[in-house]
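Close look at the chain arrangement
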Amino acid sequence: MVIWVTGLSGAGKTTLCRALGRLLKPEFPEIVLLDGDGIREVFGNDLSHTEADRTIQIKRVQRFAKMLSDQGLIVLVAVVYSHPDLLRWNREHLHEYFEIYLQSSLDALKQRDSKGLYARAQAGEIRDVVGIDIPWHPPARADLTLRMDELEPPDDLAGRVAMTIPRFARVLPPV
């Protein structure tokens, strides 16, 4: 199974995936997390953040997720870029695929801005920021969309999310 979590930078993708991993690991020890930043590091940060390189990055994550899923692992994926063609590939090629969109307004993300990404982009210090100078394509067919302008405790959110995924809801106690 592949659980694909997407949203703009700062929406809480990695935080949610880590909380899901903690929640699910006791019952599903075969769970692994693929984080976009972690995959960049594994490959030696050989890509920039241009739209073309982001596409290459997502294709790497897709194929890595497929390889792991094909071996019976449950793969949590946390990535920013969500071009419709890439998400379509996921639905066509990833077994038991579940897509989660963490929807947040750019204003809320700019206020949080834990990495300073949006402030640096607005100051002209960096380029190629999704939602600023790279188009953001909100997923059109997400299996679950969560509003993230107001943050809720990650463990609470993970419990709610897990209960929406049939494979987990059958095994976990109700929240």
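Reference entry: report on the structure contained in this document. Throughout, a residue's number is its position along its own chain's written sequence, starting from 1. With the structure being a predicted model, the display of local features is reserved for residues of pLDDT at least 70 and the display and counting of side-chain atom pairs for 80 or more, all residues being used for whole-chain, interface and lining totals. Side-chain numbers come from the whole structure's heavy atoms, not from hydrogens or water.

**With respect to helix α3 (residues 51-70)**
Taking 1.5 Å of rise per residue, the 20 residues of α3 would be expected to cover 28 Å, and the 28 Å separating its terminal C-alpha atoms lies within 8% of that figure. Burial here depends on accessible area, computed with a 1.4 Å probe over protein chains only, as a share of the maximum for the residue type. Under 20% is buried, over 50% is exposed, and the range in between is partly exposed. Segments assigned H or I by DSSP are reported as helices when at least four residues long, segments assigned E as strands when at least two residues long, and all are numbered from the N terminus. Taken together, the buried positions of α3 are D53, R54, Q57, I58, R60, V61, Q62, A65, L68 and S69. Of the residues trailing α3, G72 is marked for its positive phi of about 95°. The length a helix should cover is 1.5 Å for every residue beyond the first.

**Points about the sheet that holds strand β4 (residues 97-103)**
Here, any two strands with at least 2 DSSP bridges between them count as paired. Spatial strand order, β2-β3-β1-β4-β5: five strands in an open sheet with parallel pairing. If you trace the sheet from one side to the other, it starts and ends with β2 (31-35) and β5 (144-147), each paired once. Between one strand and the next, the sheet's axes are offset by a mean angle of 15°, whatever the strand orientation. By the bridge criterion, five bridges tie β2 to strand β3 (residues 74-79) in an arrangement that is parallel. Along β3, the bridge assignment pairs L33 with L76. In what follows, a contact means two residues having at least one pair of non-hydrogen atoms within 4.5 Å. Whenever a helix is involved, its axis is fitted only over the stretch in contact; in every case the axis is a line through C-alpha atoms, and angles between N-to-C directions fall within 0 to 180 degrees. Along the sheet, helix α1 (residues 13-24) contacts β1 (2-6), β2, β3 and β4; its crossing angle with β3, the most-contacted strand, is approximately 160°.

**Notes on the pattern of salt bridges**
Definition used for salt bridges: Asp or Glu carboxyl oxygen within 4 Å of a side-chain nitrogen of Lys or Arg. Inspection of every chain in the model, using the stated rule, returns eleven salt bridges. R22 is paired through a salt bridge with D155; the nearest N and O atoms lie 2.8 Å apart. Of this pair, R22 sits in helix α1 while D155 sits in helix α7 (residues 154-164), placing them 133 residues apart in sequence. D133 serves as the salt-bridge partner of R127, at 3.3 Å between the closest nitrogen and oxygen. Assessed through its relative accessible area of 60%, R127 is described here as exposed. Note on D133: relative accessible area 32%, which makes it partly exposed. One salt-bridge network, in which partners are shared between bridges, spans R91, E99 and D143.

**A closer look at the packing of aromatic side chains**
Centre distance within 6.5 Å is the pairing criterion for rings of Phe, Tyr and Trp, where only the six-membered ring of Trp is used; planes under 30 degrees apart are then read as stacked, over 60 as edge-to-face, and the remainder as tilted. Under the counting rule described, the total for this entry stands at two aromatic pairs. Ring geometry for F28 against F168: centres 4.9 Å apart, planes inclined by 75°, an arrangement best described as edge-to-face. Here F28, found in the loop between α1 and β2, pairs with F168, found in helix α8 (residues 166-169); they are 140 residues apart in sequence, far enough to count as distant. Here the two residues F28 and F168 agree in accessibility, since each one is buried. With a centroid separation of 6.0 Å and an interplanar angle of 40°, the aromatic rings of Y101 and W136 are classed as tilted. A residue pair is termed long-range when its members are at least 10 positions apart, and Y101 in strand β4 and W136 in the loop between α6 (117-122) and β5 qualify at 35 residues. Residue class for Y101 comes out buried when judged on its relative accessible area of 6%. Working rule: Lys NZ or Arg CZ, within 6 Å of ring centre, within 35 degrees of ring normal, means a charge sits over the ring. For R60, the ring lying beneath its charged end belongs to F43, and the centroid distance is 4.3 Å.

**Description of the side chain of N90**
Its location among the elements puts N90 in helix α4 (residues 84-93). For the purposes of these results, a polar contact is taken to be a pair of N or O atoms within 3.5 Å, where, inside protein, one atom must be able to donate a hydrogen and its partner to accept one; residues adjacent in sequence count only when each atom of the pair is a side-chain atom. Side chain to side chain, N90 and Y97 meet in a polar contact 3.1 Å long. If near-sequence neighbours (up to four positions away) are discounted, N90 is found in contact with W4, Q62 and Y97.

Function cannot be inferred from these measures alone, as they are strictly geometric.
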